[in-house]
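Breakdown of the fold
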Amino acid sequence: MDCRQLLDIKQYEFLMNYFMRRQQELKVAELDEPFSYDGFSVYDQIFQQLTKEAEVAYIECFAEPPPPIALTNLYHLAELELAGRRPRIKAPGTLQ
């Protein structure tokens, strides 16, 4: 899902920049742990922490909560952006 349908550009950029900055600070890309599906890995804990922090920061800035799917999608999109592998998003078929 393209989060640009749910957020205006300032909201989208706010969350994207927030996640990129915090992931760099916490060195998420440098984590070297085996895949874990129990929800308690260091990666999972950082994900939970950052999405909660981002939600609070978003509410403070925009006076409303962000859509939960936007938090998840933009967290992972920020990872791809930092890794230099951001997917290209196709333009809509019709422009209004």
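None of the values given here were measured: they were computed from a predicted structure.

All right, on to the pattern of salt bridges then. Using the criterion set out here, one finds three salt bridges in the structure. Between E25 and R21 there is a salt bridge, and its shortest N-O distance comes to 3.5 Å. Of this pair, E25 and R21 both sit in helix α1 (residues 9-26), four residues apart, which is roughly one turn of that helix. Accessibility expressed as a relative area gives 40% for R21, which makes it partly exposed. Given the relative accessible area of 45%, E25 is considered partly exposed. Salt bridges here are not isolated pairs; linked through shared partners, they connect R21, R22, E25 and E53.

The next subject is the confidence of the model for the protein chain. Residues with a pLDDT of 70 or more make up 88% of the protein chain, whose mean pLDDT is 87. Summarising per-element confidence for the protein chain, the mean pLDDT is lowest in helix α3 (residues 68-83) (93) and highest in helix α2 (residues 42-62) (96).

Counting residues in each nonpolar core, the largest one holds 21 residues, and the members touching the most others are L7, L15, F19, L74 and Y75. Among the elements of the structure, α1, α2 and α3 are those that each provide at least two residues to this core. The residues touching F19, leaving out its near neighbours within four places in the chain, are L50, T51, A54, L71, L74, Y75 and A78.

Once that is clear, we can look at unusual backbone geometry. For K27, which is not a glycine, the phi torsion comes out positive at approximately 55 degrees. Positionally, K27 belongs in the loop between α1 and α2. Owing to a relative accessible area of 46%, K27 belongs among the partly exposed residues under this scheme. Phi at A63 is positive, roughly 60 degrees, even though this residue is not glycine. By secondary structure assignment, the location of A63 is in the loop between α2 and α3.

Cut-off values and rules
Residue numbers here run from 1 along each chain, matching the order of that chain's written sequence. Per-residue local features of the predicted model are confined to residues with pLDDT of at least 70, and side-chain atom pairs are confined, for both listing and counting, to 80 or more; whole-chain, interface and lining totals are unaffected and use all residues. Side-chain calculation: all heavy atoms of the structure are included, whereas hydrogens and water are not. For this analysis, a salt bridge means a side-chain nitrogen from Lys or Arg found within 4 Å of a carboxyl oxygen belonging to Asp or Glu. For the purposes of this entry, the term helix denotes a DSSP run of H or I that reaches at least four residues, the term strand denotes a run of E that reaches at least two, and both are numbered from the N terminus. Partly exposed residues are those whose accessible area sits between 20% and 50% of the maximum for their type, while under 20% is buried and over 50% is exposed, using a 1.4 Å probe and protein chains only. Scored between 0 and 100, pLDDT is the confidence that the predictor attaches to each residue. What we call a nonpolar core is a set of buried Ala, Val, Leu, Ile, Met, Phe, Trp, Tyr and Cys residues that are connected through their side-chain atoms within 4.5 Å. Between two residues, a contact is recorded if the distance between any of their heavy atoms is within 4.5 Å.

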